[in-house]
Amino acid sequence: MILILLGPPGAGKGTQAKMLAAELGVPHISTGDMFRDHKARGTELGKKVQAIMDSGGLVTDDITNAMVQDRLGRPDVARGCILDGYPRTAAQADFLGTLLRGQGRAVDRVLSYEVPEQAVVERIGGRRSCPKCGAVYHVTASPPRAAGVCDKDGTALVLRDDDRPENVKKRMQEYAGKTAPLKRYYQDRKLVAEIEATGAPETILAATRKLLGR
Ligand code: AMP
Ligand code: ZN
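Since the structure is predicted, the reported quantities are computational estimates derived from the model, not experimental observations.

What follows covers the nonpolar core. Grouped together as the largest cluster of nonpolar side chains are 26 residues, with contacts concentrated most on Leu-72, Leu-96 and Tyr-186. Of all the elements in the fold, those that place two or more residues in this core are strand 1 (2-6), helix 2 (31-41), helix 3 (44-54), helix 4 (61-72), strand 3 (81-84), helix 5 (90-102) and helix 8 (182-187). Counting residues per element, this core draws most heavily on helix 5, which supplies 4 residues. Setting aside residues up to four positions removed in sequence, Tyr-186 forms contacts with Ile-4, Pro-87, Ala-93, Leu-96, Val-110, Leu-191 and Val-192. Core analysis: the next-biggest nonpolar cluster, separate from the first, contains 22 residues, Ile-82, Val-115, Val-120 and Ile-195 among them.

A word on the pairing of strand 7 (residues 192-196). Only one face of strand 7 is buried: it carries Ala-193 and Ile-195, and the other face, with Val-192, Glu-194 and Glu-196, is open. Sheet topology places strand 4 (residues 109-114) next to strand 7; 5 bridges connect them, and they run parallel. Looking at strand 7, one finds that Leu-111 is bridged to Ala-193.

Below, the discussion takes up the side chain of Thr-64. Inspection of the secondary structure assignment puts Thr-64 in helix 4. In contact with Thr-64, other than residues within four places in its own chain, are Thr-31, Phe-35, Val-59, Tyr-86 and Gln-92.

Our next topic: the sheet that holds strand 1. One open sheet holds the 5 strands; their spatial order is 2-3-1-4-7, and the pairing between them is parallel. Every other strand in the sheet has two partners, leaving strand 2 (28-30) and strand 7 as the edge strands with one partner each. Adjacent strand axes in the sheet meet at a mean angle of 25°, parallel and antiparallel pairs treated alike. In the sheet, strand 2 pairs with strand 3 via 3 bridges, with the strands oriented parallel. Residue pairing for strand 3: Ser-30 is matched across the bridge by Asp-84. In the packing of helix 2 onto the sheet, contacts are made with strand 2 and strand 3, and the angle to strand 2 comes to roughly 65°.

Among the secondary structure elements, Ser-129 is positioned in strand 5 (residues 127-129). Residues contacting Ser-129, with those up to four places away along its chain left out, are Ala-135, Val-136, Leu-157, Val-158 and Arg-160.

The protein atoms donating to the zinc ion (ligand 2) are Cys-130 (SG), Cys-133 (SG), Cys-150 (SG), Asp-153 (OD) and Asp-153 (OD), with metal-donor distances spanning 2.3 to 2.6 Å. In terms of primary sequence, the donors binding the zinc ion (ligand 2) are separated according to C-x2-C-x16-C-x2-D. Separated by 23 residues along the polypeptide, Cys-130 in the loop between strand 5 and strand 6 (136-138) and Asp-153 in the loop between strand 6 and helix 7 (165-179) bring together distant segments of the chain. Residue Cys-130 is classed as buried on the basis of its relative accessible area, which comes to 3%. With relative accessibility at 28%, the residue Asp-153 sits in the partly exposed group.

The α-helix advances 3.6 residues per turn, and as a result positions three or four apart in sequence lie on the same side. The end-to-end C-alpha separation of helix 7 is 20 Å, in line with the 21 Å expected for 15 residues at 1.5 Å each. For helix 7, the full list of buried residues reads Asn-167, Val-168, Arg-171, Met-172, Glu-174, Tyr-175 and Thr-179. The buried residues of helix 7 occupy an angular sector of 160° when the element is viewed end-on, so they sit on one face. Opposite the buried face of helix 7, at more than 90 degrees from it, the exposed residues are Glu-166, Lys-169 and Gly-177. In this structure, the buried residues of helix 7 make contact with strand 1, helix 3, helix 6 (117-125), strand 5 and helix 8.

Attention now goes to helix 1 (residues 13-24). Taking 1.5 Å per residue as the helical rise, helix 1 with its 12 residues ought to reach 16 Å, and the 16 Å between its terminal C-alpha atoms agrees with that figure. Looking at the buried residues of helix 1, the elements they touch are strand 1, strand 2, strand 3, strand 4 and helix 9 (201-211). In the segment just after helix 1, Gly-25 is the residue with positive phi, at about 70°.

Rules behind the numbers
- Residues numbered from 1 in each chain as written.
- Chains lettered and ligands numbered in written order.
- Predicted model: local features only at pLDDT ≥ 70, side-chain atom pairs only at ≥ 80, totals over all residues.
- Heavy atoms only, no water.
- Core = buried A, V, L, I, M, F, W, Y, C linked by side-chain atoms within 4.5 Å.
- Buried < 20%, exposed > 50% of the residue type's maximum accessible area, 1.4 Å probe, protein only.
- Helix = DSSP H or I, 4+ residues; strand = E, 2+ residues; numbered from the N terminus.
- Contact = heavy atoms within 4.5 Å.
- Pairing = 2+ DSSP bridges.
- Axes fitted to C-alpha atoms, helices over the stretch in contact; angles between N-to-C directions.
- Donors = N, O, S within 2.8 Å, 3.2 Å for Na, K, Ca; no water.
- Expected span 1.5 Å × (residues − 1).
- Arc of directions from axis to C-beta.

See the structure below:
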């Protein structure tokens, strides 16, 4: 099963993607996580994308598509995957379609996470991340056991550069201009299911399960 999770930054896609991946037994593929990993390891790719990511812009389609092509060629994706944060442009969606077709596969469903803008702003503003393991918390909705430190490894939590208010604005613009139109793109292919994504993560997961007939 190949699922695409579509929705604005802060819609809770990452959380849902992790839970869905565990439940379906397929890998969670987050291009944002992959880019952050490259940045943290200081690879060539990481250096190339650092500035654009930090400012809230989109990495070029060529770089992103090449990274995804490599990832989708690995054996663990044979049974499917959850795509979180990819595709983000029509060119990426076209590329993905062609790539999968070449492997005799196709996107099964596109889950569109629907959230009012205000909720998104609150979620991003309160989000804190562990720079070591990538765990994500929220100051009120899902705080760590001890304020400001990661439950898993005790590292001090940070506000990601791209979660700073000035960069959030840019991300929202990129989303509205380039990514939001993908809903129509996939609606034309009869693949979209809308998910009301305002409640608790468990409630949203339950709705998703039902939708997928599980
Ligand atoms: P995310 O964690 O999904 O919000 O991604 C963080 C950042 O990584 C984005 O703001 C972009 O700079 C970059 N990024 C992630 N996925 C993509 C993509 N599919 N296309 C272009 N840039 C991306
Ligand atoms: Zn951690």
